Every structure is written in C-alpha cells, then in structure tokens.
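Residues per chain, in single letters:
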Amino acid sequence: MLKFHHCPWSRSSSILWLLEELGEPYEIEIVDVRAPGGAPETYREVQSSKKVPAIEHEGTVITERAAISIYLADAFPRAGLAPAIGDRDRGPYLTSLVYCDSVFDPAVAARAHGLTYESRDYSFGLFEDVVANLERILSRRPYAAGERFTAADTQLASALAFTMGIMKVVPDKPAFVDYLGRLSGRPAYQRATAKDAEMAGKVTPLPFAGG
Ligand SMILES: N[C@@H](CCC(=O)N[C@@H](CS)C(=O)NCC(=O)O)C(=O)O
C-alpha cells in the first residue's frame, strides 16, 4: 500500500490532492512538522530535512513534491494526469512542475521575508518576474501544461491558493483567480480539503490563519 507522510495545511497538501485525483488506495502517516522542534528525529530516515511530503511505494521512498508528482502520475497512468513521453504537453508539464518548487516557492519565500536581491543573485530570480510569467501562462492556456488538467495543476494551484489566499504575498491577479476558480470545484480537491480540515486538529496549528 502506498504510504503518504503528510502534515495537514502544509506543502504536502498538494500531494494529498494529487492522491485524491489518482483514486488509488493510500494510507496517511501524519507528521506534525509544526510541533516544537519539528518532526521526530526518526522521521529523518524518510525525509532527510524532516519535511513533508514523502511517499513510500513498493519499498522505495520518494521525496520532493515535483519528484513525487512525476512519480505518482507516471506510476498510475489510468488517471491520465501525465502527458506521455512524446506528447507535446510533456515539456510544459515538466517545466511547470519543477518551476513550482525551484522558482515559485523560493521567490515567494524571499518576498515574504523581505529579502532584497538582484535576479542573478539567486537561481530563482525575481518575484516580479515569477508573477509576470505565471500571469502570462495562465492568461494563454487554461491549465499549467496546456488544454487539460494534469498533475502540474495540483502543484501550481495549491501553491497559488496558499500564497495568494492565505499568505497574501502573491497578488490576486484575475488570471490566478480564474484559474483557481476553474480547479476548486474538482471533487478530488474538495475531498482533499475536507480530509485536511478533519486532520488539522491532530497537529500543531498554523502560526497564521488562526487555525
Ligand atoms: N523541497 C520540499 C519542501 C517541503 C517543505 O518545505 N515542507 C514543509 C511543509 S510546509 C515542512 O515540512 N516544514 C517543516 C520543517 O521545515 O521543519 C518539497 O518540495 O517537498
């Protein structure tokens, strides 16, 4: 059985949504990464920085959201969440998935912490360039990789929803609001949100958002 190491209302919530989209059986191991001192030291065996998410599948541990998303969508192709190798959407799909973690996430964190820097100082570049790029992409196509929903959308939409709606760091551009509106009605998204709400009482609350 697929095991999912998860903390409700955290970066691993995007993988919870993806798992719900896949419709395959999985079990959740709750990791309270917000507890004083973080996750238990034993969890380092699974994720070397004691962060969530992580999954275990057929004896293998997979960490990092982009890798987990690519792995799961390819391992369970029935859900049709990964453009196949050779499909013209495969490039934008992989780009979006990796961009979420290697560019968007650190650029938003830098902005949230008031870091001042030049684009060339860090590989993720400027926050303004990231916002402009996503606004351009989502104004041109309905989904992260093209005309259809993929695993890249569970990651991009989760990242946008949290940083725009809860952190209030990313501006609520119409293209972002429309995009999230398109995706938030998905049954798998609703199920994942309900599961997170149910599990939230079992871990340390978020320092902001009052919950
Ligand atoms: N690069 C990791 C980052 C995951 C991450 O930052 N997870 C946060 C959850 S919001 C965490 O576990 N933080 C706990 C900690 O840093 O102690 C990924 O994309 O999977």
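Source: prediction; values computed, not measured.

Undergrad: Give a description of the overall build of the protein that names residues and reports values.
TA: Along its length, the protein carries 7 helices and 4 strands. Taken from the N to the C terminus, the helices and strands of the protein come in the order β-α-β-β-β-α-α-α-α-α-α. Over its C-alpha atoms the protein spans a radius of gyration of 17 Å, differing by no more than 12% from the 17 Å that the globule rule assigns to 211 residues. Counting only C-alpha atoms, the protein reaches 40 × 40 × 30 Å along its principal axes. Per-residue burial over the protein gives 36% buried out of 211 residues.

Undergrad: With reference to specific residues and values, describe helix H3 (residues 90-112).
TA: Taking 1.5 Å per residue as the helical rise, H3 with its 23 residues ought to reach 33 Å, and the 32 Å between its terminal C-alpha atoms agrees with that figure. At Tyr99, H3 shows its maximal kink, close to 50°. When we look at burial in H3, the residues that qualify are Tyr93, Ser96, Leu97, Tyr99, Cys100, Phe104, Ala107, Val108 and Ala110. Where H3 is buried, its residues meet helix H2 (65-75), helix H4 (127-140) and helix H5 (151-166). In the segment just after H3, Gly114 is the residue with positive phi, at about 70°.

Undergrad: Any details on the pairing of strand S3 (residues 54-57)? Residues and values, ideally.
TA: For strand S1 (residues 2-6) and S3, the ladder comprises 3 bridges, and the chain directions are antiparallel. The residue bridging Phe4 from the neighbouring strand is Ile55, located in S3. Looking at chain direction, S3 and strand S4 (residues 60-63) are connected through 4 bridges and run antiparallel. The residue of S4 that forms the bridge with Glu56 is Val61. In sequence, S3 turns back onto S4 through a hairpin of 2 residues, with Glu58 there showing a positive phi of about 50°.

About the thresholds
- Residues numbered from 1 in each chain as written.
- Predicted model: local features only at pLDDT ≥ 70, side-chain atom pairs only at ≥ 80, totals over all residues.
- Helix = DSSP H or I, 4+ residues; strand = E, 2+ residues; numbered from the N terminus.
- Rg over C-alpha atoms; globule rule 2.2 N^0.38 Å.
- Buried ≥ 20, exposed ≤ 12 C-beta atoms within 10 Å, placed from the backbone.
- Expected span 1.5 Å × (residues − 1).
- Bend = angle between axes of the 7 residues up to and from the residue.
- Contact = placed C-beta atoms within 7 Å.
- Pairing = 2+ DSSP bridges.

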